[in-house]
Amino acid sequence: MHLKFDANQDFQLQAINAVAGLFDGQARANASLTFALGAGFAAVPNQLALDEEALLTNLRKVQSESSIPPDNTLETIEQDIETVGGMRQARFPNFSVEMETGTGKTYVYVRTALELYRRYGFRKFIVVVPSVAIREGVLKTLEVTRTHLSELYDNAPYRYYVYDSERLSQIRQFALSDGVEIMVMTIDSFNKASNVIRSDRDQLQGETPIHLVQATRPILILDEPQNMESELRVKALSLLAPLCALRYSATHRNPYNLVYRLTPFEAYRQGLVKRIEVASVVKEHDANKPYVRLDGIRAAKHTLTARIALHKLLKDGTVKEEVVTVKPGDSLEKKASRPEYEGFVVEEINPLDGKVVFCDGTEIYQGEAKGADKEAIFEAQIRYTIETHFLRQARLTGQGIKVLSLLFIDRVDNYAREDGLIRLLFNKAFGELKAKHAEWRDKDARTVQAAYFAQKRRRGGQVDVLDSVSGESKEDAAAYDLIMRDKERLLSFDEPVAFIFSHSALREGWDNPNVFQICTLNQSASEVKKRQEIGRGVRLPVDQSGERVRDEKVNVLTVVANESYEKYVATLQSEIEAEYGAEGLPPKPANARKRTTARLRKEYMLKPEFRELWGRIKQRTRYAVRIDGARLVKDALSDIDREPIQPPRVTITKAVVQASTDDMFTALQSSGAKTVMDLSGRYALPNLVDVMAHMMAHTTPPMRVSRGTLLELFRRTTNQTAAMANPHEFAAVAVRVLKDKLAEHLVNGIEYERINEWYEMTQFEAEIESWEDYLVPSRRPDGTDGASLYDQVPWQSEIEKAFAEALERRDDVKLYVKLPGWFKVDTPIGPYNPDWAIVMEDRDEHGTPSGKPLLYLVRETKDTAWKASLRPEERRKIHCGERHFKDTLGVDYAVVSAAAELP
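Figured I'd write up the structure that's included with this text.

What counts and what doesn't
Residues numbered from 1 in each chain as written. Predicted model: local features only at pLDDT ≥ 70, side-chain atom pairs only at ≥ 80, totals over all residues. Heavy atoms only, no water. Helix = DSSP H or I, 4+ residues; strand = E, 2+ residues; numbered from the N terminus. Buried < 20%, exposed > 50% of the residue type's maximum accessible area, 1.4 Å probe, protein only. Contact = heavy atoms within 4.5 Å. Patch = residues over 30% accessible without salt bridge, like charges linked within 9 Å, V, L, I, M, F, W, Y side chains within 5 Å. Areas by Shrake-Rupley, 256 points an atom, 1.4 Å probe, with all protein chains shown as cover. Salt bridge = Lys/Arg side-chain N within 4 Å of Asp/Glu carboxyl O. Pairing = 2+ DSSP bridges. Axes fitted to C-alpha atoms, helices over the stretch in contact; angles between N-to-C directions. Phe/Tyr/Trp six-rings, centres within 6.5 Å; stacked < 30°, edge-to-face > 60°. Expected span 1.5 Å × (residues − 1). Arc of directions from axis to C-beta. Core = buried A, V, L, I, M, F, W, Y, C linked by side-chain atoms within 4.5 Å. Polar contact = N/O pair within 3.5 Å; in protein donor to acceptor, adjacent residues only side chain to side chain. Parallel < 35°, antiparallel > 145°, perpendicular 65-115°, else oblique. Left-handed = near helix turned anticlockwise from the far one by under 90°.

Details of the overall build of the chain
From N to C terminus, the chain includes 26 helices and 38 strands. With the principal axes as the frame, the chain shows a C-alpha extent of 115 × 70 × 55 Å. Looking at the chain residue by residue over its 903 residues, the buried ones come to 54%. Residue pairs in contact within the chain that sit at least 24 positions apart in sequence constitute 72% of those at least 6 positions apart.

Rendered as structure tokens:
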């Protein structure tokens, strides 16, 4: 197979021309030998005739043509460096190209180098990469594009090679050649004083290799420069004395002077990369054993803290995953409000090892999860990946497309060892599933898989990575060559390997166009960014002839993730927003709200009508209830027996990722949640009565039911089988139903009586601060002071706002107050805060005062359909309010939707 390239893709040509345009006005320089000042050697350097002012003018023109806001200054790096002639300042401009992963970034910058040679005679280029995986990808691109680019550039003489500290003759060749030289270097090969390139060498007659490089004034091409922003690495780049630096990435940390941008949204919308779908493999309805995941460790000046995800009991009785911050001595039992976490007390937070140790001896490492049924989720992910691979390959074989799957694993040992969990799960699933697919039936699991796990070793003062973690066996070397260097063979039907395993080495820099499935076998949401993960497989695929396939029905990447598809896509979106800064975020509202103050009209508190109103409503009460226990159990059982108790299980849900016109990635669910594994019976049964009693005590408000009642519920339910399969789910459902029925019984049987306590007028605050938009001025239509106790009335709903405005328009309303939050009526289901207290003059049908006593009212404002739309808890509180005010205090109480409904 020979990969083929399209030389006329507009977006790539725009990126190439943008960089070439920076040097507009530069005459083409011929090769000339220049002797280094104070040295006994010469070099053929790059020559730049333009000054910084001309470069800035060209930059602004290029940016305008690329619809990028023009910069006012050149972004330069300045460093003092050691040269053959002593210390001097290196100063060089930086220009950035932003291209989404999978759109041909490496092709673009290699071709850009040849374009700069053709137009301006620039000859010396150094491609600097942060890792060996990226280095191998660059070398592969240089290899497979050689014929294509030679034809495009009239066989322009160019050489490429990787810098090798044991072959320093390359450096002399790089310096003296009058052709195009492209040297590929890892940043680690020259960022330390001990590196060979920075030492005097006999092979170069005592010269320091880096001085030869400096003499060439190379143009640096930085691949993934966000990994070269440290002070040490910036200084190392400066040490090469470059003419300029061209920075290429999809995720720049510092964009410097940006000259071209192809956003991920634009690439996605134009079909320049594969569409993405997410197959979400998650565990549902299972809180039967404590779940703990270590998300991160933070070392502050005097404290160590850790972020831990756990399953927390919420106030409504449900259990939900939450991330909490802990320090040594903290108890997860208290943080989660669940006795299942007994013994999980933080004993040690170790930032060096990235772990947290609990007092019961449990250790958990960053990114690791315990209690997550890792094996079950891994098994479901692997089986789904293999099945999807088989089905997709069956569809695409006729089009000459070989399908590859990439599986990211959580720990190297889980695959590298013969008894590694992931290796065993894959072999088992492959053996079982291949029987249904004739073309795979005779394949051996061992022959279809290969792995690459990076391992550092030092060679000649240079840190390099060549071998898999298992050592330097022939099998390891063959897998490395196949995955990293022999892309064409990997894409051929003649090569049996179709499943590739890696830990982190392939997460950046490496990709293969025919990766159609990416399976993330990590114990938690990966620390590695989603964009890095999917970047390994978004490039458009090729067929057996090497032609790029542009069929949208074919070009789909399936990510098999162990989190919900909503969370996966939301994380992907947030990463892009973080990388794009303010450009990725919605604009602030034009009319930002202002804070203001409502002031108490103290003179109104002296009015007789207010004193009378207050005297009627200030009284506090206590309540008593009567409950029929047998009826409560009967009513609760009726609902519990009808509730579906789902078994703990692993499900897969698929969603398609879409890019909207307003640059948002969203998920469109394309399938329901399909159960792929039932986890029933995997746990020791807890004491259900204890679990339910604990839940009842930790709801809001806390409710206590006798253990006998709880036991009676379990004995009489017809849902016992489901309760045994998923005890915690049954307990949560039973508590929710019981709490609801208990509240209903409490409210229906409630009676209030006065106590020797009351609210004082002194509790009214002199000033209330609020948003200006949420205050209604208390003014009559003629501009005089209104009837409210405060000069502005706070509101929390449009109904309340309209009600306050209408009260000001009624002259029979003598005085009113929006009752403050501290004015509460106790109820069995939590405190109730009524809305309004009102003093009105009684009038006849002609609007004439009737002469009758003033009306003293308490009103609750709700919409017209409140009886049907309110939550049961709110309806019950209103019922209690009526019993408190109307039946016990003798105050007129009602629910209204508008001021027109007042007497």
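Let's talk about unusual backbone geometry
Not every positive phi belongs to a glycine, and Ser-67 is a case in point at roughly 60°. We note that Arg-217 has phi near 45°; this positive angle belongs to a residue other than glycine. Among the secondary structure elements, Arg-217 is positioned in the loop between α7 (209–215) and β8 (219–223).

A word on a nonpolar patch on the surface
Together, Tyr-623, Val-625 and Ile-627 make up a nonpolar patch on the protein surface, roughly 220 Å² of accessible area in all. Counting through the fold element by element, Ile-627 comes out in the loop between β27 (619–625) and α19 (629–640). Judged by relative accessible area, Ile-627 falls into the partly exposed class, the value being 37%.

Some details on the pattern of salt bridges
Two side chains bearing opposite charge may form a pair once their charged atoms approach each other closely. As enumerated under the stated definition, the model contains 63 salt bridges in all. Taking the shortest distance from any N to any O, the salt bridge between Glu-432 and Arg-383 comes out at 2.6 Å. Of this pair, Glu-432 sits in helix α13 (residues 421–433) while Arg-383 sits in helix α11 (residues 374–396); the two residues are 49 residues apart in sequence, bridging distant segments of the chain. Overall, Glu-432 belongs to the partly exposed group, its relative accessible area being 39%. Judged by relative accessible area, which is 25%, Arg-383 ranks as partly exposed. Residues joined in a network through salt bridges with shared partners are Arg-135, Glu-136, Asp-481 and Arg-485.

Section: the sheet that holds strand β38 (residues 892–896)
Two orientations exist for strands paired in a sheet by backbone hydrogen bonds: parallel and antiparallel. Read from one edge to the other, the open sheet built from four strands follows the order β35-β36-β37-β38, with strand pairing classed as mixed. This sheet does not close on itself; its edge strands, each paired only once, are β35 (813–818) and β38. Taken pair by pair, the neighbouring strands of this sheet meet at an average axis angle of 25°, ignoring direction. Seen against the sheet, helix α18 (residues 608–617) touches β35, β36 (836–840) and β37 (855–861) and runs at an angle of roughly 60° to β37. The sheet contacts of helix α26 (residues 872–889) involve β37 and β38, and relative to β38 the element is tilted by about 155°.

Notes on the pairing of strand β9 (residues 244–249)
In terms of burial, β9 is largely enclosed, as six of its six residues are buried. Across five bridges, the pairing between strand β4 (residues 86–99) and β9 is parallel. Bridge pairing in β9 places Glu-98 opposite Ser-249. As judged from the five bridges shared by β8 and β9, these two strands associate in the parallel manner. Its bridge partner lying in β9, Asp-223 is registered against Tyr-248.

Considerations on the environment of Leu-710
Examined against the element boundaries, Leu-710 turns out to sit in helix α21 (residues 707–716). Taking C-alpha positions, Leu-710 is 65 Å from Lys-105, a pair spaced 605 residues apart along the chain. The contact partners of Leu-710, leaving out residues within four places of it in the chain, are Val-689, Met-692, Ala-693, Val-705 and Leu-738.

Regarding the packing of aromatic side chains
Overall, the coordinates contain 34 aromatic pairs when judged by the stated rule. Ring geometry for Tyr-120 against Phe-122: centres 5.9 Å apart, planes inclined by 45°, an arrangement best described as tilted. By the burial criterion, Tyr-120 is buried, and Phe-122 matches it. Measuring from centroid to centroid gives 5.1 Å for Phe-803 and Trp-836, while their planes differ by 45°, and the two rings are tilted. Of this pair, Phe-803 sits in helix α24 (residues 798–808) while Trp-836 sits in strand β36, and the two are 33 residues apart along the sequence. In this structure, Phe-803 and Trp-836 share a single accessibility class: buried. Put simply, the rings of Phe-390, Tyr-415, Phe-426, Phe-430, Trp-440, Phe-499 and Phe-501 touch in pairs and so form one group of aromatic residues.

Some details on the packing of helix α4 (residues 132–144) against helix α14 (residues 474–485)
For the pair α4 and α14, interaxial distance at closest approach is 9 Å and the crossing angle is 60°. Contacts between α4 and α14 involve Val-132, Ala-133, Arg-135, Glu-136 and Lys-140 from the first element and Tyr-480, Met-484 and Arg-485 from the second.

What about helix α2 (residues 52–65)?
Its 14 residues give α2 an end-to-end C-alpha distance of 20 Å, which sits within 8% of 20 Å, the value for a rise of 1.5 Å per residue. Within α2, burial applies to Leu-55, Leu-56, Asn-58, Leu-59, Val-62 and Gln-63. When α2 is viewed along its axis, its buried side chains cluster within an angular range of 165° and face the same direction. Pointing more than 90 degrees away from the buried face of α2 are the exposed residues Glu-53 and Glu-65. In this structure, the buried residues of α2 make contact with α1 (10–20), β4 and β10 (257–262). Of the residues flanking the end of α2, it is Ser-67, one or two places downstream, whose phi is positive at about 60°.

Some details on the nonpolar core
Where a protein is soluble and globular, its nonpolar side chains tend to be buried together. Counting 67 residues, the largest nonpolar core has Phe-610, Ile-617, Phe-730, Leu-738, Phe-764, Leu-789 and Phe-885 as its most contacted members. Top element by residues in this core is helix α23 (residues 727–748). It accounts for 12 residues. Sequence-distant contacts of Phe-764, defined by excluding residues within four places in its chain, comprise Leu-600, Met-605, Phe-610, Trp-614, Leu-789, Tyr-790, Val-817, Pro-820 and Trp-822. Residues Val-97, Tyr-117, Tyr-158 and Val-184 belong to the second largest nonpolar core, which totals 53 residues.

Examining the pairing of strand β25 (residues 556–561)
The buried count for β25 comes to six of six residues, which makes it a mostly enclosed element. As judged from the six bridges shared by strand β11 (residues 275–284) and β25, these two strands associate in the parallel manner. The residue of β25 that forms the bridge with Glu-277 is Thr-558. Relative to β25, strand β24 (residues 515–521) runs parallel, the two sharing three bridges. Counted as the bridge partner of Gln-517 is Thr-558 from β25.

Side note on the environment of Arg-88
For Arg-88, the location among the structural elements is in strand β4. Judged by relative accessible area, which is 36%, Arg-88 ranks as partly exposed. Between the alpha carbons of Arg-88 and Ala-241 there is a distance of 9.9 Å; along the sequence they are 153 residues apart. In this structure Arg-88 touches Gln-79, Asp-80, Ile-81, Thr-83 and Ala-241, once residues within four positions along its chain are discounted.

Digging into α26
Because an α-helix packs 3.6 residues into every turn, residues spaced three or four apart end up facing the same way. The end-to-end C-alpha distance of α26, which contains 18 residues, comes to 25 Å, matching closely the 26 Å that a straight helix rising 1.5 Å per residue would cover. The set of residues buried in α26 consists of Arg-876, Lys-877, Ile-878, Cys-880, Gly-881, His-884, Phe-885, Thr-888 and Leu-889. Backbone geometry just after α26 places Gly-890 at a positive phi near 75°.

Quick notes on the side chain of Gln-381
Take Gln-381: it is sitting in helix α11. For Gln-381, the side chain forms a polar contact with the main-chain oxygen of Thr-520, separated by 3.0 Å. A polar side-chain atom of Gln-381 sits 3.1 Å from the main-chain carbonyl oxygen of Val-560.

So, the sheet that holds strand β16 (residues 355–358)
With respect to topology, three strands assemble into an open sheet ordered β15-β16-β17, the strand pairing being antiparallel. The sheet is open, and its two edges are formed by β15 (346–350) and β17 (363–365), each paired on a single side. Averaged over all adjacent pairs, the angle separating strand axes in this sheet is 15°, with direction ignored. As paired strands, β15 and β16 are joined by four bridges and run antiparallel to one another. Bridge assignment links Asn-350 to a residue of β16, and that residue is Lys-355.

Notes on the side chain of Lys-140
Positionally, Lys-140 belongs in helix α4. When residues no more than four places from it in sequence are discounted, the contact partners of Lys-140 are Arg-485, Asp-486, Lys-487 and Glu-488.

Side note on the packing of α19 against α21
Where α19 meets α21, the axes come as close as 10 Å, and the angle between the chain directions of the two elements is 45°. Relative to α21, the element α19 is oriented oblique. Between α19 and α21 lies a crossing of right-handed hand. Counting all contacts with α19, which are made through Val-633, Ala-636, Leu-637 and Ile-640, the residues of α21 involved are Thr-709, Glu-712, Leu-713 and Arg-716.

Read these as spatial facts, not as claims about activity.
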